[in-house]
Amino acid sequence: AVVSTQSAHYGRGFDKCFNMIVTKNGKGSIHFEHSWGDGVSVLRYFNEIYKDSIAKHHVGPTEGGSAVKLDPELSPNLIQALENARGDFEKVKNSFVLDVMKFEGFGKNDLRKLKVSPDSICQLSFQMANWRFKREFVGSYESCSTAAFKYGRTETIRPCTKETKACSIAFDKENPAQLDEMSELLSACSKKHNKLTKEAAMGAGFDRHLFALKFLNNKLNGAPLPIFEDPNHAKLNYIILSTSTLVSPALEVGGFAAVVPDGLGIGYAMFDDWFGTQASYYPPGNDGSEFIKELTGVCEDLKTVLNGKSFKESRQV
């Protein structure tokens, strides 16, 4: 499938391991197909390219290059197949929307001083924003690398917990919970998230275990086990909030598509003094612009409470 996210030119092979894309203004990006590897591996490659490009300027703006544009001869059947693929891609691309948020003055440095996990606050903010937007708690996914193991890929962190639910409800403007209670709930969310993250990173999560059981059972027995027919199992694995983070000085932003028609694909990064998020979605299944709007308000409220003030009191005055 030779397609591009820009209609003007179709030079991307989305079925290949990865594509390196360099634009006229010198910006570089990588698109990668996910089955062979994960973001951590690609980020390592990206970091090496970034480091080398700064240390060794092999080609300057006035120098010529030795690259040769490929101009293959294509048969009429292949040309038609590519045109069909292009049309299919345009339909998908035109149904895809991306909204972004850059929240400044709210980053790792401040959160570490306050002894809360930066990633736990990111994940809590997504739960809280979705609660304010949709008034529901949904299947949620955060990718966790298991690269500590030789053949490790990923495990799932389940960021929607009893702790994040209680905290999200307590932060409602009409809820009577005040500063002390909200602060305690934030601390509980951080502790629970740290525990889940450590378990996932060391292979002690449950998602990959259940997947292996399901796969082996289907292969060996054919008949499904009752646990995998349970509607709660189906609900657990219908991921509305699919999230993943990569942070590097070499990376401005990274993201991916929503995994279900009414879901959000949330790529995010917490830097020293700012928090960036992008939300992808397929209208009318969801509305990332409203989610981002709520997320911005959530970040304001979290920042206020973490700094020892109550946003509820300030709004009542």
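Structure shown above.
Now for a look at the structure at hand. (Residues numbered from 1 in each chain as written. Predicted model: local features only at pLDDT ≥ 70, side-chain atom pairs only at ≥ 80, totals over all residues. Heavy atoms only, no water.)

### So, the packing of helix 6 (residues 179-201) against helix 10 (residues 288-306)
For the pair helix 6 and helix 10, the least separation of the axes is 10 Å and the interaxial angle reads 105°. Here helix 6 is positioned roughly perpendicular relative to helix 10, judged by the angle of their axes. Only L302, V305 and L306 of helix 10 make contact with helix 6, whose side of the interface consists of L179, M182, S183 and L186. Of the residues belonging to the contact of helix 6 with helix 10, the class tally is six nonpolar, one polar and no charged. (Axes fitted to C-alpha atoms, helices over the stretch in contact; angles between N-to-C directions. Helix = DSSP H or I, 4+ residues; strand = E, 2+ residues; numbered from the N terminus. Parallel < 35°, antiparallel > 145°, perpendicular 65-115°, else oblique. Contact = heavy atoms within 4.5 Å. Nonpolar A, V, L, I, M, F, W, Y, C, P; charged D, E, K, R; others polar.)

### With respect to the environment of M101
Note on placement: M101 falls in strand 5 (residues 97-104). Under the relative-accessibility criterion, M101 is labelled buried at 8%. When the C-alpha positions of M101 and K235 are compared, they lie 29 Å apart, and in sequence the two are 134 residues distant. Residue contacts for M101: discarding those within four places in its chain leaves F275, G276, T277, I292, L295, T296 and C299. (Buried < 20%, exposed > 50% of the residue type's maximum accessible area, 1.4 Å probe, protein only.)

### Quick look at the pattern of salt bridges
Per the counting criterion, the structure on display carries eleven salt bridges. In this structure, R132 engages D301 in a salt bridge whose closest nitrogen and oxygen atoms are separated by 2.9 Å. Note that R132 is positioned in helix 4 (residues 118-134) and D301 in helix 10, a separation of 169 residues in sequence. As far as the burial class goes, R132 and D301 line up, both buried. Among the charged side chains, a network of salt bridges with common partners joins R135, D172 and E174. (Salt bridge = Lys/Arg side-chain N within 4 Å of Asp/Glu carboxyl O.)

### Quick word on helix 7 (residues 207-220)
For helix 7, with 14 residues, the first-to-last C-alpha span of 20 Å sits near the 20 Å given by 1.5 Å per residue. Three or more residues of helix 7 are buried, namely D207, L210 and N217. Looking straight down helix 7, one finds its buried side chains confined to an arc of 105°; they lie on one side. Exposed side chains of helix 7 directed beyond 90 degrees from the buried face belong to F211, K219 and L220. Where the residues of helix 7 are buried, they touch strand 7 (154-157) and helix 8 (226-229). Looking one or two places after helix 7, you find G222, whose phi comes out positive at around 85°. (Expected span 1.5 Å × (residues − 1). Arc of directions from axis to C-beta.)

### Description of unusual backbone geometry
Geometrically, the link from P283 to P284 is a cis peptide bond, its omega value of 5° lying close to zero. Topologically, P284 is positioned in the loop between strand 10 (274-281) and helix 10. Despite not being glycine, K115 has its phi angle at roughly 60°, a positive value. Inspection of the secondary structure assignment puts K115 in the loop between helix 3 (108-113) and helix 4. Despite not being glycine, R135 shows a phi value in the positive range, around 60°. Its location among the elements puts R135 in the loop between helix 4 and strand 6 (140-145).

Honestly, it's all geometry; don't read function into it.
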